[in-house]
There are 2 protein chains.
Amino acid sequence: MALEHAILVSLLEKPGSGYELARRFDRSIGYFWAATHQQIYRVLKRMEGDGLIDVREVAQPDRPDKKEYSVAAPGRTALSRWLHEPIEPESVRHELAVKIRGAAFDDPVALIDEVERHRRAHADRLAHYLAGERRDFTGPEAPGTPDAGQELQHVVLRGGIAYERMTLAWLDDVIATLQRLGPER
Amino acid sequence: MALEHAILVSLLEKPGSGYELARRFDRSIGYFWAATHQQIYRVLKRMEGDGLIDVREVAQPDRPDKKEYSVAAPGRTALSRWLHEPIEPESVRHELAVKIRGAAFDDPVALIDEVERHRRAHADRLAHYLAGERRDFTGPEAPGTPDAGQELQHVVLRGGIAYERMTLAWLDDVIATLQRLGPER
DNA sequence: CTTGTCTATGCAACGAGTTGCATAGAAGGA
DNA sequence: TCCTTCTATGCAACTCGTTGCATAGACAAG
């Protein structure tokens, strides 16, 4: 039930509606935990029923009304409990890696286009992260007053940047390997 | 349905029983696509029904009998079709990243132990990968005869190694950040 | 005035993944 | 003899995640 916790963190950072949360899951927190709006609405409803979050109907003049959610006291407690529980180290799910091994039983060269497409997607993501870093984390560091939230968001973003850089280098390695195998057969 | 394809690849690399596949998913291919034995048995049954794989009952004198599966012609076709289809670039799911951002609303220092536990798990995985690389990919390279399967398994393993190295460096960054935040408050 | 886009919320059906439990033969140690 | 471990297979219940579809107000472009 990690989506629940991701929502709690996001709502603590800033209260918002299901729609707004879905937006945030397209950026920011969603880089590390993806979710669709259907999932979010369903979980929000359950969390409200469990008393973890509060709702407030907000009438908007020039848009459809929305329901603004915020974290209730039991939600804060639940998050704190989860933070103190150990979690399993991630088990990766890399579909492309399965494809690469599968290419041994097909045409390795035919995979190159696909890998290059992934390479472009990761290059885009890296550019996007770097733009976000420049925008949000290059202010004049007021010494002695580092905001914990900012610092932690930044270290997570640095993880995303490191991940994309590593992936780009690896995909170059993959492309070179596939090309090397091509002419041989 | 990527599990189906991972199983096809694994069975092409070497036919085997559900139990043996579950073993492989604890090592090797499972590093990039995790699966439990229950999942594997269920999917094998479905794939057999769909004619993608063949079964052969194998009586074993000093062990329980097993069912050995191998890829049938329609299975090879299905795999080939999948290899030529584009897939979505992975969406990461990093629970620890959610926890790190959540730590801003709790005690950042309390997370250090957990992060160090993850660090150890990743260090173990890296050592394991490196041992596998030494074992399987340091033979005397017969020039001009690179086995495509070997080459591709190696490049995927190199990806795993790069991932673990990057993760270790990032977790060090995370620990340093959490420590920096500690005394400040 | 229709079409498309953006905000905003939701249902229904299905498929994928997890957890707990159950069975059973063979081997080895206490 | 009993207990545990390893091989080997499987069911049932449940939760999580995905896909397709539906509604509806506001606004802009054609």
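Residues numbered from 1 in each chain as written. Chains lettered and ligands numbered in written order. Predicted model: local features only at pLDDT ≥ 70, side-chain atom pairs only at ≥ 80, totals over all residues. Heavy atoms only, no water.

A. Summary view of the overall build of chain A. Scanning chain A from N- to C-terminus turns up 7 helices and 2 strands. Starting at the N terminus and walking to the C terminus, you meet the elements of chain A as α-α-α-β-β-α-α-α-α. Overall, the C-alpha framework of chain A stretches about 65 × 45 × 45 Å when taken along its three principal axes. Relative to its 185 residues, chain A shows a buried fraction of 49%. Put simply, 58% of the contacts in chain A that link residues at least 6 apart link residues at least 24 apart. A total accessible area of about 9,500 Å² is found for chain A, and carbon and sulfur atoms account for 51% of it. (Helix = DSSP H or I, 4+ residues; strand = E, 2+ residues; numbered from the N terminus. Buried < 20%, exposed > 50% of the residue type's maximum accessible area, 1.4 Å probe, protein only. Contact = heavy atoms within 4.5 Å. Areas by Shrake-Rupley, 256 points an atom, 1.4 Å probe, with all protein chains shown as cover.)

B. Focus on the relation of the copies chain A and chain B. You can overlay chain A on chain B at an RMSD of 0.0 Å; the transform is a turn of 180° with a shift of 0.0 Å along its axis. Taken together, the rotation angle and the small translation identify this as a two-fold axis. The C-alpha atom lying nearest the rotation axis in chain A is that of Met166(A); the distance is 3.5 Å. Taken as a fraction of all interface residues of chain A, those also at the interface in chain B reach 99%, which identifies the copy contact as same-surface. (Least-squares fit on C-alpha atoms with pLDDT ≥ 70 in both.)

C. Quick look at the interface of chain A and chain B. The interface is formed by 70 residues belonging to chain A together with 69 residues belonging to chain B. Buried surface at the junction of chain A and chain B, summed over both partners, amounts to about 6,900 Å²; 64% is from carbon and sulfur atoms. Looking only at chain A, the three residues that lose the most surface to chain B are Glu90(A), Arg101(A) and Phe105(A), adding up to 12% of its buried area. The tally of links between chain A and chain B comes to 6 salt bridges. A salt bridge links Arg101(A) to Glu13(B); the shortest N-O distance between them is 2.8 Å. The tally of links between chain A and chain B comes to 39 residue pairs in polar contact (both at pLDDT 80 or more). Looking at the side of chain A that touches chain B, the elements with two or more residues in it are α1 (2-13), α4 (73-84), α5 (95-102), α6 (112-136) and α7 (148-184) of chain A. Sorting elements by how many residues they give to the side of chain A that touches chain B places α7(A) first, with 20 residues. In terms of residue class, the side of chain A that touches chain B is made up of 37 nonpolar, 14 polar and 19 charged. (Buried area = accessible area lost by both parts, 1.4 Å probe. Salt bridge = Lys/Arg side-chain N within 4 Å of Asp/Glu carboxyl O. Polar contact = N/O pair within 3.5 Å; in protein donor to acceptor, adjacent residues only side chain to side chain. Nonpolar A, V, L, I, M, F, W, Y, C, P; charged D, E, K, R; others polar.)

D. Molecular detail of the protein's contact with DNA strand C. Surveying the vicinity of DNA strand C reveals 22 residues, the closest of which are Gln60(A), Lys67(A), Arg93(A), Met1(B) and Arg42(B). Close to the protein, within 4 Å, the atoms of DNA strand C belong to sugar or phosphate groups at a rate of 64%. Between DNA strand C and Gln60(A), the relevant distance is 2.5 Å, taken from a phosphate oxygen to a side-chain nitrogen or oxygen of the residue. One nitrogen or oxygen atom from the side chain of Arg42(B) is found 2.7 Å from a base oxygen belonging to DNA strand C. Listed by contribution, the elements that provide at least two residues to the surface near DNA strand C are α2 (18-26), α3 (37-49) and β2 (66-71) of chain A together with α3 (37-49) of chain B. Residues of the surface near DNA strand C, tallied by class, amount to 5 nonpolar, 7 polar and 10 charged. (Near = heavy atom within 4 Å.)

E. Seen up close, the layout of surface pockets. Here the largest pocket defines a volume of roughly 840 Å³. Ser91(A), Val92(A), Arg93(A), Val92(B) and Arg93(B) are, among the 42 residues lining the largest pocket, the residues nearest its centre. Grouping the amino acids of the lining of the largest pocket by side-chain chemistry returns 21 nonpolar, 10 polar and 11 charged. Roughly 660 Å³ of volume is contained in the second largest pocket. For the second largest pocket, the lining is made up of 28 residues, of which Arg27(A), Ser28(A), Asp136(A), Gln153(A) and Arg101(B) are closest to its centre. Of all the secondary-structure elements, those providing two or more residues to the lining of the second largest pocket are α1, α2, β2, α6 and α7 of chain A. It is α6(A) that provides the largest number of residues to the lining of the second largest pocket, a total of 5 residues. Classifying every residue of the lining of the second largest pocket by side-chain character gives 10 nonpolar, 7 polar and 11 charged. (1 Å grid on protein atoms, 1.4 Å probe; cavity = no way out; pocket = protein on both sides within 12 Å on 5 of 7 lines; lining within 4 Å. Points joined across faces, edges and corners; volume = space filled by probe spheres on them.)

F. Molecular detail of the domain arrangement of chain A. Domains assigned within chain A are domain 1 (2-84) and domain 2 (95-184). Between the C-alpha centres of domain 1 of chain A and domain 2 of chain A the distance comes to 28 Å. (Domains from an automatic or database assignment.)

G. Examining the side chain of His118(B) more closely. Checked against the element boundaries, His118(B) lands in helix α6 (residues 112-136). Excluding its chain neighbours within four sequence positions, the residues that come into contact with His118(B) are Ile87(A), Glu88(A), Pro89(A), Leu96(B) and Leu171(B).

H. Quick look at the protein's contact with DNA strand D. By nearness alone, 22 residues border DNA strand D, and Met1(A), Arg42(A), Gln60(B), Lys67(B) and Arg93(B) come closest of all. Each atom of DNA strand D within 4 Å of the protein was classed as base or backbone; sugar and phosphate made up 63%. A distance of 2.8 Å separates a phosphate oxygen of DNA strand D from a polar atom in the backbone of Tyr19(B). Listing elements by their share of the surface near DNA strand D, those giving two or more residues are α3 of chain A together with α2 (18-26), α3 and β2 (66-71) of chain B. Here the surface near DNA strand D is composed, by residue class, of 5 nonpolar, 7 polar and 10 charged.

I. A look at α6(A). In a regular helix each residue adds 1.5 Å, so 25 residues correspond to 36 Å; α6(A) covers 36 Å between its end C-alpha atoms and thus fits that length. Within α6(A), burial applies to Ile112(A), Glu114(A), Val115(A), His118(A), His122(A), Leu126(A), Tyr129(A), Gly132(A) and Glu133(A). (Expected span 1.5 Å × (residues − 1).)

J. Examining the packing of aromatic side chains more closely. Counted under the stated rule, the structure contains 5 aromatic pairs over all chains. An angle of 55° between the planes, with centres 4.7 Å apart, marks the rings of Tyr31(A) and Tyr129(A) as tilted. Of this pair, Tyr31(A) sits in the loop between α2 and α3 while Tyr129(A) sits in helix α6, placing them 98 residues apart in sequence. Residue Tyr31(A) shares its accessibility class with Tyr129(A), and that shared class is buried. A ring pair is formed by Tyr31(B) and Phe32(B), whose centres lie 6.3 Å apart and whose planes are at 85°; its orientation type is edge-to-face. Residue Phe32(B) is classed as buried on the basis of its relative accessible area of 8%. Through pairs of rings, three or more aromatic residues link up here, namely Tyr31(A), Phe32(A) and Tyr129(A). Sitting above the plane of the Trp82(B) ring, Lys99(A) keeps its charged end 5.4 Å from the centroid. (Phe/Tyr/Trp six-rings, centres within 6.5 Å; stacked < 30°, edge-to-face > 60°. Lys NZ or Arg CZ within 6 Å of the ring centre and 35° of its normal.)

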